[in-house]
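Coordinate analysis (summary)
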Amino acid sequence: MTIPISQFLALALLSFFVASAIADEKPRGVTYDGRSMIINGNRELLFSGSIHYPRSPPEMWHDIIRKAKEGGLNLIQTYVFWNIHEPVQGQFNFEGNYDLVKFIKMIGEQDLYVNLRVGPYIEAEWNQGGFPYWLREVPNITFRSYNEPFMHHMKKYAEMVIDLMKKEKLFAPQGGPIIMAQIENEYNNVQLAYREDGKKYIKWAADMATGLYNGVPWVMCKQKDAPPQVINTCNGRHCADTFTGPNGPNKPSLWTENWTAQYRTFGDPPSQRAAEDIAFSVARFFAKNGTLTNYYMYHGGTNFGRTGSSFVTTRYYDEAPLDEFGLKREPKWSHLRDLHRAIRLSRRALLWGTPTVQKISQDLEITVWEKPGSDCAAFLTNNHTKLPSTIKFRDQEYYLPEKSVSILPDCKTVVYNTQTVVAQHNSRNFIASEKAKNLKWEMYQEKVPTINDLPLKNREPLELYSLTKDTSDYAWYSTSINFNRHDLPMRPDILPVMSIASMGHALAAFVNGEFVGFGHGNNIEKSFVFQKPVILKPGTNHITLLAETIGFPNSGAYMEKRFAGPRGITLQGLMAGTLDITLNNWGHKVGISGEKEQIFTEEGAKKVKWTPVSGPPPGPITWYKTYFDAPEGNNPVALKMDKMQKGMMWVNGNSLGRYWVSFLSPLGQPTQSEYHIPRAFLKPKDNLLVIFEETGGLPETIKVQTVNRDTICSIISEYRPPSVKSFERSGSQFNAIVEDLKSGAQLACPENNQVIKKIEFASYGNPDGACGNLYLGNCTSPNSLKVVEQHCLGKNTCAIPVEREAFDELSKDPCPNTFKTLAVQAKCGLP
């Protein structure tokens, strides 16, 4: 066969280009050494954030990932959640917001890397730490130990996950975004409980994981004795000072969980962690040889359905840089974004330089990373928690606020100080929807069963976890007992007392169909004793309990041996004394009828008779339903539940999770009052909202709200470093890219179509407080409001000079000897 000359030349040219492309292609894959991860042949500084796909609907993923990237992240970390993917042994689910592959591909599409924490134990404040319930019933199993039944199922699951990732070409050597993986999780916390089996198990886990796939590095967090083939990493708040370091000379220093606040359990007060403290810890870590930090969480999201572990709130890590609704929490989001930029400006020195540390005093320290003749970066640290200081470095004085690190990417210019926030602040607002108000409620009340109605009989009350098998939060228990009138107290002012010792978590008690009361434990002590006076009658008395779990435990050793439910029931104050009815024969039933009939769906709601809500509150174990139109605009949506008590919520058949507003914190407030309704769950009109209230509440007080962060603030001192955005690096050249490095206070509305409609607070002097709650000090310029309004009203963004002469003539300065701060609070809205 003869090839025409034109075709021959075309083929030759194509071969040349293919060969050239292959020759120019960098090594594909991930390795590491004692300094850093090396991705496709390049050393990397990695700024990571934990985002969990089941804790938000897929419709939110792209926006959350985009905001994470804008926040300076280049890596997303997620767990893989065994119990949602294999709820029934051998039956797998990777659909909807369980679509792990879609989530990882979406991260890759935005040019970010992935750290896949396979677990399969994840903790994560997730039901049973991610283990499916059926695993608990495998004969002779011991979780997280050198135990054949457990290791068999763990390997089988891990293999399934790894094979799925390989099949979809998601690992970095295949061109995908996954650059590292984690096996097990914080095992050092429990290892001693398993003795020799703990040591053998952790070695087996490392061998098993690397045997399944060794194309990317594997890590184990909080595992000081990690086997040689995996990297031990740090979890905590201050890993620069608490991490003992890698347990091998060729392992990099990695921080897999930097807690951005703390998860909450019902009954807890609010959780706080300042952006300044997080930034301080990260800057210290990178100064001390760290090259990866991961914010746990960067976006927490929502524990929909029954996914949260024992007593954990439905809202998860709301104090993260992106709050539960996916909105930027300022200044945390921006202050960390600026930190990432400052450290990246120092990357050449950090990744290829040599460190030297100079201890000036107990609290003052200078760390310099330098590559002789080219790159130099310095970290100036003041460890004192209360006193600022000055430090002399290379013939120049530098001011250091208390507990702060200043970053000098060229060893001369301070571009960032961890304690000095130049970024914008904001405050969250919940606004009652006009389109979704005046809700019309209907109700359906559960029937309180007796022992005759319950199918499963046993001499004593059955253990609650193994009874429900994690299919419901609820189980009925009932017994009956006969008295004659001589058995009961004769005096009308004396009543018998029912006492129930429960291993947790909560219960509602009924006698002869009447509600007696509600009792519960807490996250620290799940067991409790319920004691209430009861009215008994001559003849047959029915004692019925609605026993409840609030999630399964998620941590600790021997998780498979935890128990819950009523274990001892007595009647005190009878004429014959105390009567123990624990062994009185009990009936049981898992779940409540409304759950079984799925009356929270359109079809299921037709199976029961609903009546209008009118008159006094109907009381416990009552279902409520109403319809509402989707709220105006595009802002996130929430339910205000502050006058309800405890129960569960559904919208259009989608579970919003548990609510519990009657469990007050030590501050006398509910831990959580507002509950997220993702816009993805809504249709334009006639959205079905169903509530199951366990103990009694006021449904007419429930409000559908929209959520925004349109209240924006700037709190800037006159002696601040310029914004890190004022600088750039090109190769070894470090330059300012603006003429005026002190560009003033910056404000920007969260949306491009918004403008600043009102200045709600302005003070140039010594104001105090936080965004949403600013107040005057004893010094303020009388021109503060006028100056700020001139610069900002009607604009989407504005800059206000932070200079004395911009506010007052020097001769008219009301407090010339005061260190000045400008604090502004503005309200954004549509023009």
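Residues numbered from 1 in each chain as written. Predicted model: local features only at pLDDT ≥ 70, side-chain atom pairs only at ≥ 80, totals over all residues. Heavy atoms only, no water.

Definition in use: UniProt positions are given in the numbering used here, feature names are shortened, and annotations may be inferred rather than shown by experiment.
Named according to an unreviewed UniProt entry, the chain is Beta-galactosidase originating from Nicotiana sylvestris. The record in UniProt for the chain states the following under Sequence similarities (unreviewed entry): "Belongs to the glycosyl hydrolase 35 family." The UniProt entry for the chain carries the following comment under Catalytic activity (unreviewed entry): "Hydrolysis of terminal non-reducing beta-D-galactose residues in beta-D-galactosides."

**Regarding the overall build of the chain**
For the record, the criterion: Each helix is a run of DSSP H or I of at least 4 residues and each strand a run of E of at least 2, with the numbering of both proceeding from the N terminus. Computation of the radius of gyration draws on C-alpha atoms alone. For the globule rule, the value is 2.2 Å times the number of residues to the power 0.38. For every residue, the accessible area obtained with a 1.4 Å probe (protein chains only) is divided by the maximum for its type, and the residue is called buried under 20%, exposed over 50%, and partly exposed between those limits. Residue burial considers only the protein chains on display, and all accessible areas are found by Shrake-Rupley using a 1.4 Å probe.
Each helix and strand in the chain was counted, giving 16 helices and 46 strands. What you see for the chain is a C-alpha radius of gyration of 31 Å, in line with the 28 Å of a compact globule of 831 residues. For the chain, the spread of C-alpha atoms along the principal axes amounts to about 100 × 85 × 65 Å. For the chain, the residues scored as buried account for 58% of the 831 residues in total. Counting only carbon and sulfur atoms, one obtains 51% of the accessible surface of the chain, whose full area is about 34300 Å².

**Brief notes about the sheet that holds strand 4 (residues 46–51)**
In a beta sheet, neighbouring strands are held together by backbone hydrogen bonds and run either parallel or antiparallel to one another. Going by this rule: Two strands are counted as paired when DSSP detects at least two bridges linking them. Lines fitted to C-alpha atoms define the axes here, with helix axes fitted over just the stretch in contact, and angles between the N-to-C directions of these axes take values from 0 to 180 degrees. Only heavy atoms matter for contacts: two residues are in contact if any of them lie within 4.5 Å across the pair.
An order of 4-5-6-7-8-9-10-11 is seen for the eight strands of this closed barrel, with the pairing classed as parallel. For this sheet the average axis-to-axis angle between neighbouring strands, irrespective of direction, equals 30 degrees. Pairing of strand 6 (residues 113–119) with strand 7 (residues 178–183) involves five bridges; the strand directions are parallel. Bridge pairing links Val114 to Ile178 in strand 7. Against the sheet, helix 4 (residues 100–109) engages strand 4, strand 5 (75–79), strand 6 and strand 7, with an angle of about 155 degrees to strand 6. Packed onto the sheet, helix 9 (residues 275–287) meets strand 4, strand 10 (253–259) and strand 11 (290–299) and runs at close to 155 degrees relative to strand 11.

**As for the pairing of strand 14 (residues 375–382)**
For strand 14, a buried count of eight out of eight residues is recorded, marking the element as mostly surrounded by other parts of the structure. Judged by which residues are buried, strand 14 turns out to be covered on both faces: Asp375, Ala377, Phe379 and Thr381 on one side and Cys376, Ala378, Leu380 and Asn382 on the other are all buried. Where strand 13 (residues 364–371) lies against strand 14, eight bridges are found, and the strand directions are antiparallel. Looking at the pairing, Thr367 lines up with Phe379 of strand 14. Between strand 13 and strand 14, which pair antiparallel one after the other, the connecting turn spans three residues, and Gly373 there sits at a positive phi close to 85 degrees. As paired elements, strand 14 and strand 17 (residues 404–408) share five bridges and run antiparallel to each other. The residue of strand 17 that forms the bridge with Leu380 is Ser406.

**Brief notes about the state of the cysteines**
Heads up, the rule is: Throughout, a disulfide means two cysteine sulfur atoms within 2.5 Å of one another.
Tallying each qualifying case throughout the model produces six disulfides. Linked covalently through their sulfurs, Cys792 and Cys798 form a disulfide whose S-S length is 2.1 Å. Note on the Cys792 and Cys798 pair: the S-S dihedral is about 80 degrees, so by sign convention the disulfide is right-handed. The pair formed by Cys792 and Cys798 is uniform in burial state, with each residue classed as buried. When the cysteines engaged in disulfides are numbered in sequence order, the chain pairs them as 1-2, 3-4, 5-7, 6-12, 8-11, 9-10. Here Cys221 is not disulfide-linked; the sulfur of Cys234 is the nearest cysteine sulfur, at 9.3 Å. Note on Cys221: relative accessible area 2%, which makes it buried.

**A word on empty space enclosed by the protein**
Threshold: Both site types are read off a 1 Å grid over the protein atoms alone. A 1.4 Å probe that fits but cannot get out defines a cavity, while an open set with protein on both sides within 12 Å along at least five of seven lines defines a pocket; lining residues have an atom within 4 Å of a point. Grid points are joined across faces, edges and corners, and a volume is the space filled by probe spheres set on the points. Each residue gets one of three labels, nonpolar for Ala, Val, Leu, Ile, Met, Phe, Trp, Tyr, Cys and Pro, charged for Asp, Glu, Lys and Arg, and polar for the others, Gly among them.
Under the counting rule described, the total for this entry stands at two cavities of 30 Å³ or more. Approximately 30 Å³ is the volume found for the second largest cavity. Looking at the lining of the second largest cavity residue by residue, the classes come out as one nonpolar, five polar and one charged.

**Side note on the nonpolar core**
Rule in force here: We call a set of buried residues a nonpolar core when its members are Ala, Val, Leu, Ile, Met, Phe, Trp, Tyr or Cys and they connect through side-chain atoms within 4.5 Å of each other.
Counting 121 residues, the largest nonpolar core has Leu116, Leu135, Met165, Leu339, Ile343 and Ile407 as its most contacted members. Broken down by element, this core gets its largest block of residues, ten residues, from helix 6 (residues 148–167). Discounting residues that sit within four places of it in the chain, Leu135 has contacts with Trp82, Ile141, Phe143, Phe150 and His153. Listed in part, the 53 residues of the second largest apolar core include Leu639, Tyr675, Ile691 and Ile702.

**Some remarks on the sheet that holds strand 12 (residues 354–359)**
The antiparallel open sheet is built from five strands, whose spatial order is 12-13-14-17-18. The open sheet has two edge strands with one neighbour each: strand 12 and strand 18 (416–417). In this structure, strand 12 lies alongside strand 13, joined through six bridges in antiparallel fashion. Of the residues in strand 13, the one forming a bridge with Thr356 is Val368.

**Some details on unusual backbone geometry**
A cis amide bond links Tyr296 to the next residue, Met297, at an omega of -5 degrees. Here Met297 shows up in strand 11. The phi torsion at Asp111 lies on the positive side, around 60 degrees, for a residue other than glycine. Among the structural elements, Asp111 can be located in the loop between helix 4 and strand 6. Phi at Asn438 takes a positive value of approximately 55 degrees, unusual for a residue other than glycine. Summarising the element assignment, Asn438 is placed in the loop between strand 19 (425–432) and strand 20 (442–445).

**Some thoughts on the side chain of Thr307**
Quick note on the threshold: Counted as a polar contact is a pair of N or O atoms within 3.5 Å, where, for protein atoms, one must be capable of donating a hydrogen and the other of accepting one, and residues adjacent in sequence contribute only when both atoms are in side chains.
Of note, Thr307 is situated in the loop between strand 11 and helix 10 (332–344). What makes Thr307 buried here is its relative accessible area of 14%. At 2.7 Å, the side chain of Thr307 and the backbone oxygen of Phe304 are in polar contact. If sequence neighbours within four positions are ignored, Thr307 has contacts with Glu125, Trp126 and Asn127.

**Topic: the environment of Asn773**
When you line up the elements, Asn773 lands in strand 44 (residues 773–775). For Asn773, a relative accessible area of 54% gives the class exposed. Sequence spacing of Asn773 and Thr354 is 419 residues, and the spatial spacing of their C-alpha atoms is 46 Å. With residues up to four places along the chain from it excluded, the contact list for Asn773 reads Asp768 and Gln825.

**Concerning the confidence of the model for the chain**
Short version of the rule: Per residue, pLDDT measures the predictor's confidence, with a range of 0 to 100.
The pLDDT averaged across the chain works out to 94; a share of 95% of its residues lies at or above 70. Every residue in residues 1–24 scores below 50 in pLDDT, and together they form one contact with partners more than four places removed in sequence or on other chains.

**Topic: the packing of aromatic side chains**
Put simply, the rule is: Stacked, edge-to-face and tilted are the three classes for Phe, Tyr and Trp ring pairs, Trp counted by its six-membered ring, which pair at centre distances within 6.5 Å; planes under 30 degrees apart are stacked, over 60 edge-to-face, the rest tilted.
A full pass over the atoms with the stated rule returns 44 aromatic pairs. Between Phe325 and Phe430 the ring centres are 6.0 Å apart and the planes differ by 70 degrees, which places this aromatic pair in the edge-to-face class. Taken as a pair, Phe325 in the loop between strand 11 and helix 10 and Phe430 in strand 19 lie far apart in primary sequence, 105 residues in all. Residue classification places Phe325 among the buried residues on the basis of a relative accessible area of 4%. Exposure remark for Phe430: the relative accessible area of 24% places this residue in the partly exposed category. Ring pairs connect the aromatic residues Trp82, Tyr121, Phe131, Trp134, Phe143, Phe150, Tyr157, Tyr187, Tyr194, Tyr201, Trp204 and Tyr558, which therefore count as one cluster.

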